Each structure stands twice: as C-alpha cells, then as structure tokens.
Amino acid sequence: QEQLVESGGGLVQAGASLRLSCAASIRTFSRYTMGWFRQAPGKERDFVAAISRSGGGTYYADSVKGRFTISRDNAKNTVYLQMNSLKPEDTAVYYCAADRDGAISIRTDDMDYWGKGTLVTVSS
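Description of the structure in this document. Here the structure is a predicted model, which is why all the values come from computation and not from measurement.

Attention shifts here to the pairing of strand β1 (residues 4-7). Going residue by residue along β1, you find Leu4 and Glu6 tucked away on one face and Val5 and Ser7 left uncovered on the opposite face. Bridge count between β1 and strand β3 (residues 18-24): 4 bridges; the pairing is antiparallel. What sits directly across from Ser7, in β3, is Ser21.

If you want it as structure tokens, here you go:
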C-alpha cells in the first residue's frame, strides 16, 4: 500500500534546528516530485518546499528560503527537510506529499499522496 510516513518533529526553542524525514512506500519513487507542506491551527495548509524527481531542482516558500533545505535519497525512498534557525511562526504540523506528474507544484490539490504529518513546535 502506498504511504508516506513523516518523522523528526518535536518541541524546540527558537533558533534551533530539526531534520524531518519522510519515508515513502510508493513504487518508482524517483518518478515523483516531493514536497513539504505545513498547517497551523485554524489556517490553510501552505506550501513549504518541493524537490524534483532527480533532486536537482528545488523550490521554497519565501518564508523559509535560506533557512530550510529539502533533499531526497531515491535509493532509500526518503525525502528530508532540514530546518535551521527555526522561528515560532514555523510552528505547525508538517506534511510530506508526493506528485507523480513530474513537475514541481506548490498546489495541495496536485499532490497524489499525503502523510499524516509530524508536529513541529517552536517556542520563544
């Protein structure tokens, strides 16, 4: 069964770092673009970062550019989100998503599979 499982969330102080992982059971993982989205209570699910099939192309939301880095290891069917210099406004449930269309998208409705999320809480 196709599934995405996020891990690595937790409670940290502002300025700290976290590394999120997303393990995918999707067949032919390398054919999917992968993305991270986040959702704070009472707000819409927002785009955070995306990575191309080969890992050679990335795209970030302005709010995280320069602080977050998305990467993938196709041999391990895993995508990562390295989060540095965390801010309280980064607090949210972070979701991993997969899109088999092949082109990077920031739209939630373009995603074919979603994980259940991992909570990141940043205190000041």
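What follows concerns the state of the cysteines. On inspection of all chains with the given rule, the structure shows 1 disulfide. The disulfide that involves Cys22 links it to Cys96, with 2.1 Å between the sulfurs. One disulfide, between Cys22 and Cys96, carries an S-S torsion of -80° and so falls in the left-handed class. Here Cys22, found in strand β3, pairs with Cys96, found in strand β9 (residues 92-99); they are 74 residues apart in sequence, far enough to count as distant.

This part is about the environment of Leu4. Relative to the elements of secondary structure, Leu4 occurs in strand β1. In this structure the C-alpha to C-alpha distance between Leu4 and Asn77, which are 73 residues apart in sequence, comes to 9.9 Å.

What counts, and at which threshold
Residues numbered from 1 in each chain as written. Predicted model: local features only at pLDDT ≥ 70, side-chain atom pairs only at ≥ 80, totals over all residues. Heavy atoms only, no water. Buried < 20%, exposed > 50% of the residue type's maximum accessible area, 1.4 Å probe, protein only. Helix = DSSP H or I, 4+ residues; strand = E, 2+ residues; numbered from the N terminus. Pairing = 2+ DSSP bridges. Disulfide = S-S within 2.5 Å.

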